[in-house]
Amino acid sequence: MQTVNSIVELRRQIKAWRQHGQRIAFVPTMGNLHAGHLALVEQAKQHADRVVVSIFVNPMQFGPGEDFDSYPRTLAADSVKLEQVAIDLLFAPSVEEVYPHGHGVASQIEVPEASEGLCAESRPGHFSGVATVVAKLFNMVQPDCALFGEKDYQQLQVIRRMVADLCFPIEIVAVPTKREADGLAMSSRNGYLSVVEREIAPRLHQALQQVTQGLKQGRRDYVALEQEGAEFLVAAGFVPEYFTIRQADTLQAAEPGMPELIVLAAAKLGKTRLIDNLDCSLVE
Ligand code: PAF
């Protein structure tokens, strides 16, 4: 595995691989890697000859008062993990390399519809920051495909929409959420949880399971189901931000008769904000 920090070095290597007709898969991350990221890498290997991983904690996607400064930066440990799974190239640029004029005045990408509601309610500007950095990274790496986890489902939809709207010739591959043995979705932010909060945290997944079970058993009273899910979370000690049943492809409100639904939730447990989702196909 080689590690590069500059766009020039990155492009030199990409060009050499391209000259040999090799296909390139890309896994963008913010580091602090866990088994969920490594599952993306494993999938990436199935799709290409070369795997590029980026580690960049993107200031543009953090709002004021969010955890940009405290976000875990564990480059040395991450490099060891990536060596072990035998990726080809780690791109770890500085903020100045990615935003030479400063991220506050950089050109930005706005993705309508997919970026509205849900997580955007509490994180205004977040998806513009994500779309902007992903577009920049796509232009730097120019991969054939890029892999994203389904845990960040709204992010996945934003990126799909951006790729379609801006005609990036990149296949977006969604990878199922990797979970701990007790069901908690793996996330870099799980490390913020206290011992007691960590015991409570899997209830988020349980709440989603209960609601998807209700849907599969034929319930279509979406508002009541959402309310029950949120109440379950409150009783467990969470402060829910949203608990909602949506159409899986558009994230628009669920309507009776729609076969592909997704249940999504975001909730705070102490100071830690957790998100998760479960898709629910009602097709027999
Ligand atoms: O999901 C993440 O880790 C980030 O939002 C991403 C896609 C790497 C962009 O910074």
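If you're wondering where the values come from, they're calculated on a predicted model, not measured in any experiment.

Definitions and limits used
- Residues numbered from 1 in each chain as written.
- Predicted model: local features only at pLDDT ≥ 70, side-chain atom pairs only at ≥ 80, totals over all residues.
- Heavy atoms only, no water.
- Helix = DSSP H or I, 4+ residues; strand = E, 2+ residues; numbered from the N terminus.
- Rg over C-alpha atoms; globule rule 2.2 N^0.38 Å.
- Buried < 20%, exposed > 50% of the residue type's maximum accessible area, 1.4 Å probe, protein only.
- Contact = heavy atoms within 4.5 Å.
- Lys, Arg positive; Asp, Glu negative; His and termini not counted.
- Charge placed at Lys NZ, Arg CZ, Asp CG, Glu CD.
- Near = heavy atom within 4 Å.
- Polar contact = N/O pair within 3.5 Å; in protein donor to acceptor, adjacent residues only side chain to side chain.
- Nonpolar A, V, L, I, M, F, W, Y, C, P; charged D, E, K, R; others polar.
- Axes fitted to C-alpha atoms, helices over the stretch in contact; angles between N-to-C directions.
- Parallel < 35°, antiparallel > 145°, perpendicular 65-115°, else oblique.
- Salt bridge = Lys/Arg side-chain N within 4 Å of Asp/Glu carboxyl O.
- Pairing = 2+ DSSP bridges.

Observations concerning the overall build of the protein chain
- Along its length, the protein chain carries 10 helices and 9 strands.
- Its C-alpha atoms give the protein chain a radius of gyration of 19 Å, near enough to 19 Å, the size a compact globule of 284 residues would have.
- Each principal axis of the C-alpha distribution contributes one length, and for the protein chain these read about 55 × 40 × 40 Å.
- When each of the 284 residues of the protein chain is scored for burial, the buried share is 52%.
- Long-range contacts, defined as pairs at least 24 residues apart, comprise 71% of the intrachain contacts of the protein chain with a sequence gap of at least 6.
- Charged side chains of the protein chain number 26 positive and 35 negative; the gap between the two group centres comes to 4 Å.

So, the site of the ligand
- Around the ligand, a shell composed of P28, T29, M30, Q61, V133, F148 and Q155 is seen.
- A distance of 2.6 Å is found between an oxygen atom of the ligand and a side-chain nitrogen or oxygen belonging to Q61.
- A distance of 2.7 Å is found between an oxygen atom of the ligand and a side-chain nitrogen or oxygen belonging to Q155.
- Classifying every residue of the shell around the ligand gives 4 nonpolar, 3 polar and no charged.

Observations regarding the packing of helix α1 (residues 7-19) against helix α6 (residues 126-141)
- The contact between α1 and α6 brings their axes to 9 Å, and the two run at 50°. It follows from the interaxial angle that α1 and α6 lie oblique. Mapping the contact onto sequence places I7, L10, R11 and I14 in α1 and N139, M140 and V141 in α6.
- Class assignment for the residues of the contact of α1 with α6 results in 5 nonpolar, 1 polar and 1 charged.

Observations regarding the environment of R23
- Relative to the elements of secondary structure, R23 occurs in the loop between α1 and β2 (24-29).
- Its relative accessible area of 31% is what places R23 among the partly exposed residues.
- When the C-alpha positions of R23 and G125 are compared, they lie 33 Å apart, and in sequence the two are 102 residues distant.
- Apart from residues lying up to four places away in sequence, R23 is in contact with R18, H47, A48, D49, R50, D144, C145 and E171.

Side note on the pattern of salt bridges
- Applying the stated criterion to the full structure yields 14 salt bridges.
- Ionic pairing is found between E42 and K45, a salt bridge with its closest N-O pair at 3.7 Å. In this pair, E42 and K45 both sit in helix α2 (residues 35-47), 3 residues apart, roughly one turn of the helix.
- Residue E42 is classed as partly exposed on the basis of its relative accessible area, which comes to 37%.
- Judged by relative accessible area, K45 falls into the partly exposed class, the value being 31%.
- For the salt bridge of R179 with D276, the shortest nitrogen-to-oxygen distance reads 2.8 Å. Of this pair, R179 sits in the loop between β6 (171-175) and α8 (195-200) while D276 sits in strand β9 (residues 272-281); the two residues are 97 residues apart in sequence, bridging distant segments of the chain.
- Residues joined by salt bridges that share partners form a network here, namely E113, R161 and D165.

Some remarks on the sheet that holds strand β7 (residues 239-247)
- Across the sheet, which stays open at both edges, the 3 strands sit in the order β7-β8-β9 with antiparallel pairing between neighbours. A strand with exactly one partner marks an edge of an open sheet, and here the two such strands are β7 and β9. The mean angle between the axes of side-by-side strands here comes to 10°, regardless of whether they run parallel or antiparallel.
- Taken together, the 10 bridges between strand β8 (residues 260-269) and β9 define a ladder with antiparallel strand orientation. Looking at the pairing, L269 lines up with T272 of β9.
- This element, helix α9 (residues 203-216), spans β7, β8 and β9 of the sheet and lies at about 20° to β9.
- Here helix α10 (residues 222-236) sits on the sheet and contacts β7 and β8; the angle it forms with β7, its principal contact strand, is near 150°.

In short, shape yes, function no, at least from these values alone.
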